[in-house]
Amino acid sequence: MKSLIPFFMLACCLSSSCDKAKEIAAKASATVEGQIAKQTSQSDDVPADPELRKLVDETPEGVIFRKDLPLPSRFEVRITRISESSNRTVVHSEIGSKAMMIKGTFTEILKLERAGEQVRYTLEQSTFTEPVTEKTDAAKTSTPVVLESPTKPCIFKKTGTNWKAETSEGFRAITLAKQLSPVFDLLLIDNAVAARPMWFPKERVKIGREFHLNEKALPILVAGNAKGHLKLKFTSIETVKGHPCGVFEITGNFSRKNVPDFSGNLSDANVTIQAGRIWLSLIYPLILREELDMIESGQMDRQSGIDLRTQGSARLSIIREWKKTGP
């Protein structure tokens, strides 16, 4: 997952500007309808969408995590990532190295709209907020620091097996298009814009069942080449913004290399999930929500030549608001 998660949440935010990172350091979710109605916890106060609810395959013997339905031709995903982090970060560049402790809340909101073989990406918010302590002047921390300004939509189109971006916005768009095109499929999987290539077997799963994912099965949750082991326990059925999901408790650890982000950077990450829950769609092979307490370390090489290394803990929340917008 980038699903599961992001050391690179921190790195991505910092990568928008080394100067901003220094500034921060200085400032220091018997019948289909009956079962869903009874078992679904409306944790986000949104009832299950009737159209999606009809697609849930559920009997008294359990549910099937479906992978047989194609994704709609038109839909959008608004992704909100909130990471309460405490990390020691070291920045290496040609002019030297700088170590800093970064503690606070990173918030990132982005929107992805898909229409067939075209995807529109928009960054809506990227901010950092310092924690409020007894010694902190609350008035000074009420305004988050902007790490990266909202962007104009960037449109990617698939030609054959490759994704190419429209480059009408100047040099930055041209550069970003070259960086993202080779890894764009992985970004789509991580962000619930493309179906995950590996999913659960077509068999009914009852609440209480446990799964142990070894390296061969990790792609169910962690896109790309990952190593490690994750333990899952199916606990309930809930919705994420109206989308019916199976909820799992999750623990374990994994590592992955060359994880892309939408800024064009690649990072390596080592993640230990001490406790958490994930919400998996009952309709499509998608991960729609994650709530995780983690210990993480990693390294990111920025395209600018600056190397970031980080180690620490994070409480991560990711909500992917998935909405059909066409046939």
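Each value, and the rule that gives it
- Residues numbered from 1 in each chain as written.
- Predicted model: local features only at pLDDT ≥ 70, side-chain atom pairs only at ≥ 80, totals over all residues.
- Heavy atoms only, no water.
- Helix = DSSP H or I, 4+ residues; strand = E, 2+ residues; numbered from the N terminus.
- Buried < 20%, exposed > 50% of the residue type's maximum accessible area, 1.4 Å probe, protein only.
- Areas by Shrake-Rupley, 256 points an atom, 1.4 Å probe, with all protein chains shown as cover.
- Salt bridge = Lys/Arg side-chain N within 4 Å of Asp/Glu carboxyl O.
- pLDDT = per-residue confidence, 0-100.
- Contact = heavy atoms within 4.5 Å.
- Pairing = 2+ DSSP bridges.
- Phe/Tyr/Trp six-rings, centres within 6.5 Å; stacked < 30°, edge-to-face > 60°.
- Polar contact = N/O pair within 3.5 Å; in protein donor to acceptor, adjacent residues only side chain to side chain.
- Core = buried A, V, L, I, M, F, W, Y, C linked by side-chain atoms within 4.5 Å.

Colleague: Account for the overall build of the protein, naming residues and giving values.
Modeller: Counting its secondary structure elements, the protein contains seven helices and 15 strands. The buried share among the 327 residues of the protein stands at 49%. Looking at the protein as shown, the accessible area adds up to about 15,100 Å², and 50% of this sits on carbon and sulfur atoms.

Colleague: Describe the pattern of salt bridges, and please don't skip the residues or the numbers.
Modeller: In total, this model carries 16 salt bridges according to the counting rule given. Of the charged contacts in the structure, one is a salt bridge between Arg81 and Glu108, with a shortest N-O distance of 3.0 Å. Highlighted residues: Arg81 in strand β4 (residues 74-93) and Glu108 in strand β5 (residues 96-115), separated in sequence by 27 residues. Judged on exposure class, the residue Arg81 and its partner Glu108 are both buried. As a salt-bridge pair, Glu113 and Arg120 come within 3.7 Å of each other at their nearest N and O atoms.

Colleague: Which residues make up the confidence of the model for the protein, and what values go with them?
Modeller: Taken residue by residue, the protein gives an average pLDDT of 83. The fraction at 70 or more is 79%. At the low end of the mean pLDDT range in the protein sits helix α3 (residues 32-39), at 40; at the high end sits strand β3 (residues 62-64), at 98. Across residues 3-42 the pLDDT falls below 50, and counting only partners more than four positions away or on other chains, this stretch makes 121 contacts in the model.

Colleague: How would you sum up unusual backbone geometry? Please name residues and give values.
Modeller: Located in the positive-phi region is Lys241, a residue other than glycine, with phi close to 50°. Structurally, Lys241 is set in the loop between β11 (226-240) and β12 (243-260). A positive phi angle is found at Asn258, which is not glycine, with a value near 55°. Along the chain, Asn258 turns up in strand β12.

Colleague: Explain the pairing of β12 to me, using residue names and the numbers behind them.
Modeller: Alignment of β11 against β12, held across 14 bridges, turns out to be antiparallel. Bridge pairing links Thr239 to Pro244 in β12. Hairpin connection from β11 to β12: two residues lie between these consecutive antiparallel strands, with Lys241 at a positive phi of about 50°.

Colleague: Pulling in residues and values, what's your account of the packing of aromatic side chains?
Modeller: Counted under the stated rule, the structure contains 15 aromatic pairs. Relative to Phe248, the ring of Phe65 lies with its centre 5.5 Å away and its plane at 45°, an arrangement referred to as tilted. On the criterion of sequence distance, the pair formed by Phe65 in the loop between β3 and β4 and Phe248 in strand β12 is long-range, its members being 183 residues apart. For Phe248, a relative accessible area of 0% puts it in the buried group.

Colleague: Tell me about the environment of Trp163, and name the residues and values.
Modeller: Assignment of secondary structure puts Trp163 in strand β9 (residues 162-165). The class of Trp163 is buried, set by a relative accessible area of 1%. Taking the C-alpha atoms as reference, Trp163 lies 8.4 Å from Leu180; in sequence the two are 17 residues apart. Once residues within four sequence positions are removed from consideration, Trp163 is found in contact with Arg114, Glu117, Gln118, Val119, Phe156, Lys157, Lys158, Ser181, Phe184, Asp185 and Leu188. A polar side-chain atom of Trp163 sits 2.9 Å from a polar atom in the side chain of Asp185.

Colleague: An account of the nonpolar core is requested, with residue identities and associated values reported.
Modeller: In terms of nonpolar packing, the biggest core is built from 67 residues, with Phe65 and Leu221 touching the most fellow members. Ile102, Phe128, Leu147 and Leu308 belong to the second largest nonpolar core, which has eight residues in total.

Colleague: Before we move on, can you summarise the side chain of Asn87 with the specific residues and values?
Modeller: Considering the arrangement of structural elements, one finds Asn87 in strand β4. One polar contact links the side chain of Asn87 to the main-chain amide nitrogen of Gly312, over a distance of 3.4 Å.

Colleague: Quick rundown of the pairing of β4? Include the residues and the values.
Modeller: Pairing between β4 and β5: 20 bridges, direction antiparallel. Note that in β5 the partner of Ile82 across the bridge is Thr107. Connecting the antiparallel pair β4 and β5 is a turn made up of two residues. Sheet analysis places β4 next to strand β15 (residues 307-324), joined by 18 bridges and oriented antiparallel. Each residue of the ladder has a partner; that of Glu84, found in β15, is Arg315.

Colleague: Would you mind going over the environment of Asp268 in detail, with residue names and values included?
Modeller: With respect to the helices and strands, Asp268 occurs in strand β13 (residues 266-281). Sequence-wise, Asp268 and Arg256 are 12 residues apart; in three dimensions their C-alpha atoms are separated by 5.9 Å. Polar contacts involving the side chain of Asp268 include one to the main-chain amide nitrogen of Asn258, which spans 3.0 Å.

Colleague: Break down the environment of His92 for me, with residues and values.
Modeller: Summarising the element assignment, His92 is placed in strand β4. Taking the relative accessible area as the measure of exposure, His92 reaches 29% and is therefore partly exposed. Placed 215 residues apart in sequence, His92 and Asp307 show a C-alpha to C-alpha distance of 5.0 Å.

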